[in-house]
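Per-entry structural report
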Amino acid sequence: MINSLLERKIEKRPDKVRLKGRILFLTEDAELIKRQLAGEDLPWDTKNPANNPKLRDDISTDEITPAHYCFYFDETLGEIPYLGLKCGSVFPIGRSDVKNGGFVCAVSGKRRGKGSSREQSPYAEMCAGIQVVIAENIERIYKQNCQNLGLLTSTNFSLIDQIRAGEEIPLNEFTAGEDEITRQVIEYGGLFPFNVARMQKKVFLPPIHTEKRPMTVAEKIFARHMIDENGNSGVPSVKPGDTGFARADLRFSHEYVTPMASIFFERYVGKDAKVNDPASILFFRDHLTFLDEVISEEKKKLGLLDLATQLKLKQQDFAAKQGIKLHGELKDRKGSEGICHSIVLESYALPGQLNIGSDSHTPHVGAIGCVAFGIGTTDVFNSWITKDVRVRVPESVKIVIRGKKHPNVTAKDLILKILSLDYVRSGKALAKVMEYAGEAIEALSVDERATMTNMAAEIGGFTGIVAPDRKAVDFLVERRGMDRKKAEAMIEGLHSDPNAQYAQVIELGAADITPMVATPGDPGNGKYIRDFSTPVPVELAYGGTCTAGKNEDMDMYALVLADALKHGKRVADSVKFYIQFGSQETRDYCIRKGYLDVFQRAGAHVIEPSCGACINAGPGVTTRPEQVVISAQNRNFPGRSGPGQMYLASPLTVAASAVAGHIVEYEPSAERELVGV
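These figures come from a predicted structure and were not determined experimentally.

1. Some thoughts on the overall build of the protein chain
- Summing up its helical and strand segments, the protein chain has 28 helices and 26 strands in all.
- Expressed as lengths along the three principal axes of its C-alpha atoms, the size of the protein chain is roughly 75 × 60 × 50 Å.
- Here the protein chain, with 677 residues, has 63% of them falling under the buried criterion.
- Total accessible area on the protein chain stands at roughly 24,300 Å², and carbon and sulfur atoms take up 48% of it.
- Separation of charge centres in the protein chain, based on 84 positive and 88 negative side chains, amounts to 2 Å.

So this is what it looks like as structure tokens:
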């Protein structure tokens, strides 16, 4: 494999770019978008931005490539871009509209590409003819996916005039401000050609010679894993901005990403080539297990269910051929072994490790003190060759939550509060490590800490982490059967130094936070339930996903439903309440605790593990725009889980609302009454 790559001819792209085509402005006004698709070129004043129409902010990858269309993993994706883009209540872009419009550039506002790590999004844009995307700021994984594929990105709106005039643009316009490695990735037209040039020793890898300094816990882990100039893992010290490649302890992907990555691998490396160290690679069949129960007849007619089956089969075949462990579907009943993040936390991740996964919620396992982050398809397949990943050491933000939280407040409420802060909503936290600390965090179990680290993805952070402590040791001993002394040795030194530097320190008082929801459209739309002036009736309630399908989440659903049964109540007749396990281990835990009986008697529907409703692929999705669902999942972007109105909340709030029939706080008073808004 390496020999064939060593002989391959690799050249840089030209040092000047000329873009011939139209510019698509993704505005908030659906009519303006439709007029552009019909052939009108929108005037744009780059010198007086206030004169221009408002651009859409927060365009998620769910809107660029809606989940069901990611079953395609070839150039067909070029017909798909922006099918999920919503302007008000309108979806102005139809299939193949962008491809047929002759567009070479797409322009939007803040936080472009937030959400899922799916590389299908920039790949779809490329296949539709888009060569450059311009936005006020761009989410880390999406931007890195663009760079890996060769799609140019910029935050310089003055380029609009140059593109329109058909002028040559120096390539360094797109590399300015980037680190040495990213600059070369862009110059070589993508990560794979860069890596081939790296193997051929044609590229410059800047050595890390950072002097000894106080470091954060994340920086200490990066320092242990960065590759030095001799190819060994570990350098004495790192600082934000240091760039290089980090050796990964664990690499994983699921059936949404593995097939495209395997096709890239076979196409660019060779059909008979072998991956590097298959024992440290894991595959999961966890996203689409229940798709057939919710996919519409229209989508079936388009062949999307058949395509989803092909994803499963392609991953299965590649796993068998390469000798890679696949956590797949159950043999005796419908469902999967578990969601990738749940299983990686329960069975694999260790304090101090560096883990990479094909999903934006890979930071889940930061709960036990490892650096874990999401990567795209190209990064996945390149890691199969090199066993490492490109890294620019990020800055850290320390979020300190002081004091003791209220009994009915959970980690989900804490993270919804953080997501509502201006610092996060304005994009200042993008691509930074979220380090959670303070008495309220220390009091959380590892399961609850995982909710905090998991939803670093919604912040747009690089990862989330909690410095490992006695609770992390207890988790490894009790859940993994690890020797206590071995576990204690693992966490030694894994804490931030007293004088470590942070981009920002945010302090919150736990006592000031009461149960919250995020109103429909974005996880950052946090509101205290008690601030609602009128009750919000719900039709669906959903408890599950990696964020809320853990053992302690099940404790919460069971607590509320057992209370309800004591008072002669159960799930309201007007509500369907679904509870979905994150893993078989959690299902077994519920059996041991007697929860299945409580769930059944209270009227909840129990589902085997899968990502399910969170990605519009299982029971609990909405089917009508007016339908209201309260969900313990992590995202409520438009169309993410059906066309309805989704409120995000904690497991306690979801269960209490399912019983009440409308959104309520769970009030753990002596009488255990459900207190409404």
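2. Some points on the packing of aromatic side chains
- One pass over the full model with this rule turns up 21 aromatic pairs.
- Arranged with centres 4.6 Å apart and planes meeting at 45°, the rings of F373 and F462 form a pair that is tilted. Taken together, the positions of F373 in strand 12 (residues 371-374) and F462 in the loop between helix 21 (456-459) and strand 16 (463-465) put the pair 89 residues apart, joining distant regions of the chain. Neither F373 nor F462 differs from the other in exposure class; each is buried.

3. A short note on the pattern of salt bridges
- Counted according to the given criterion, the structure contains 49 salt bridges.
- With a closest N to O distance of 2.9 Å, K220 and D497 form a salt bridge. Separated by 277 residues along the polypeptide, K220 in helix 11 (residues 217-225) and D497 in the loop between helix 23 (484-490) and strand 17 (504-509) bring together distant segments of the chain.
- Taking the relative accessible area as the measure of exposure, D497 reaches 22% and is therefore partly exposed.
- One salt-bridge network, in which partners are shared between bridges, spans K12, E180, R183 and E187.

4. Observations concerning the sheet that holds strand 2 (residues 22-25)
- Taken in spatial order, the four strands make up an open sheet running 2-3-4-5, and their pairing is parallel. In this open sheet, the two edge strands, each paired with only one partner strand, are strand 2 and strand 5 (152-154). The sheet shows a mean angle of 20° between the axes of neighbouring strands, taken without regard to direction.

5. Notes on the confidence of the model for the protein chain
- In the predicted model, the protein chain carries a mean pLDDT of 95, and 98% of its residues have values of at least 70.
- Confidence over residues 670-677 falls short of pLDDT 50; this stretch has 23 contacts with residues more than four positions distant or in other chains.

6. Some words on helix 25 (residues 551-566)
- Here helix 25 spans 22 Å end to end across 16 residues, near enough to the 22 Å set by a 1.5 Å rise per residue.
- If you check which residues of helix 25 are buried, you get N551, D553, M554, M556, Y557, A558, V560, L561, D563 and A564.
- After helix 25 finishes, the residue G568 shows a positive phi value of roughly 75°.

7. Considerations on unusual backbone geometry
- A positive phi angle, near 70°, is found at Y82, a position not held by glycine.
- Position of Y82 among the secondary structure elements: in the loop between helix 3 (61-64) and helix 4 (97-100).

8. Looking at the pairing of strand 21 (residues 576-580)
- Taking burial as the measure, the five residues of strand 21 include four buried ones, the bulk of the element.
- As paired elements, strand 20 (residues 540-543) and strand 21 share four bridges and run parallel to each other. Bridging from a neighbouring strand, L540 pairs with K576 of strand 21.
- In the sheet, strand 21 pairs with strand 22 (residues 605-607) via three bridges, with the strands oriented parallel. Looking across to strand 22, one finds that I579 is bridged to V606.

9. Description of the pairing of strand 15 (residues 433-437)
- Most of strand 15 is tucked away, with five of its five residues classed as buried.
- Here strand 15 shows two buried faces, one formed by V433, E435 and A437 and the other by M434 and Y436.
- Here strand 14 (residues 396-402) runs beside strand 15; their pairing, made up of five bridges, is parallel. For I399, the partnering residue across the bridge sits in strand 15 and is Y436.
- The pairing of strand 15 with strand 16 spans three bridges and is classified as parallel. Bridge pairing links M434 to G464 in strand 16.

10. Structural notes on the nonpolar core
- Formed by 79 residues in total, the largest nonpolar core has its most connected members in F222, F373 and W384.
- Apart from the residues within four sequence positions on either side, W384 is in contact with R251, S253, T258, A261, S262, F265, V275, N276, I281, F283 and F318.

11. Some thoughts on the environment of T623
- Along the chain, T623 falls in the loop between strand 22 and strand 23 (628-631).
- For the pair T623 and S296, spaced 327 residues apart in sequence, the C-alpha separation works out to 9.5 Å.

12. Considering the packing of helix 6 (residues 140-149) against helix 16 (residues 377-386)
- Two elements in contact, helix 6 and helix 16, have axes separated by 8 Å at closest approach and are oriented at 65°. Contacts between helix 6 and helix 16 involve Q144, N145, N148 and L149 from the first element and T377, T378 and D379 from the second.
- The residue makeup of the contact of helix 6 with helix 16, split by class, is one nonpolar, five polar and one charged.

13. A few points about the environment of L24
- Its location among the elements puts L24 in strand 2.
- Classification of L24 by relative accessible area gives buried; the value is 0%.
- Separated by 74 residues in the primary sequence, L24 and V98 have C-alpha atoms spaced 8.4 Å apart.
- What L24 contacts, discounting residues up to four positions off in sequence, is Q36, L37, Y82, V98, F103, C105, A106 and V107.

14. Things to note about the sheet that holds strand 14
- One open sheet accounts for four strands, arranged 16-15-14-17; its pairing is parallel. Every other strand in the sheet has two partners, leaving strand 16 and strand 17 as the edge strands with one partner each. Neighbour-to-neighbour, the strand axes of this sheet turn through a mean angle of 20°, independent of strand direction.
- In this structure, strand 14 lies alongside strand 17, joined through six bridges in parallel fashion. Within the sheet, the bridge partner assigned to V397 lies in strand 17 and is Q504.
- Against the sheet, helix 17 (residues 411-419) makes contact with strand 14, strand 15 and strand 17, and its axis sits at roughly 125° relative to strand 14, the strand it touches most.

15. Details of the side chain of T519
- Mapping T519 onto the fold places it in the loop between strand 18 (516-518) and strand 19 (526-528).
- We classify T519 as buried; its relative accessible area is 18%.
- Contact partners of T519, with chain neighbours within four places excluded, come to N525, K527, F532, N636, M646 and Y647.

16. A word on the state of the cysteines
- On inspection of all chains with the given rule, the structure shows zero disulfides.
- C105 provides the cysteine sulfur closest to C87, a residue in no disulfide bond, and the two sulfurs are 17 Å apart.
- Given the relative accessible area of 4%, C87 is considered buried.
- Cysteine C614 shares no disulfide, and the gap to the nearest cysteine sulfur, in C546, comes to 6.5 Å.

Cut-offs and rules
Residues numbered from 1 in each chain as written. Predicted model: local features only at pLDDT ≥ 70, side-chain atom pairs only at ≥ 80, totals over all residues. Heavy atoms only, no water. Helix = DSSP H or I, 4+ residues; strand = E, 2+ residues; numbered from the N terminus. Buried < 20%, exposed > 50% of the residue type's maximum accessible area, 1.4 Å probe, protein only. Areas by Shrake-Rupley, 256 points an atom, 1.4 Å probe, with all protein chains shown as cover. Lys, Arg positive; Asp, Glu negative; His and termini not counted. Charge placed at Lys NZ, Arg CZ, Asp CG, Glu CD. Phe/Tyr/Trp six-rings, centres within 6.5 Å; stacked < 30°, edge-to-face > 60°. Salt bridge = Lys/Arg side-chain N within 4 Å of Asp/Glu carboxyl O. Pairing = 2+ DSSP bridges. Axes fitted to C-alpha atoms, helices over the stretch in contact; angles between N-to-C directions. pLDDT = per-residue confidence, 0-100. Contact = heavy atoms within 4.5 Å. Expected span 1.5 Å × (residues − 1). Core = buried A, V, L, I, M, F, W, Y, C linked by side-chain atoms within 4.5 Å. Nonpolar A, V, L, I, M, F, W, Y, C, P; charged D, E, K, R; others polar. Disulfide = S-S within 2.5 Å.

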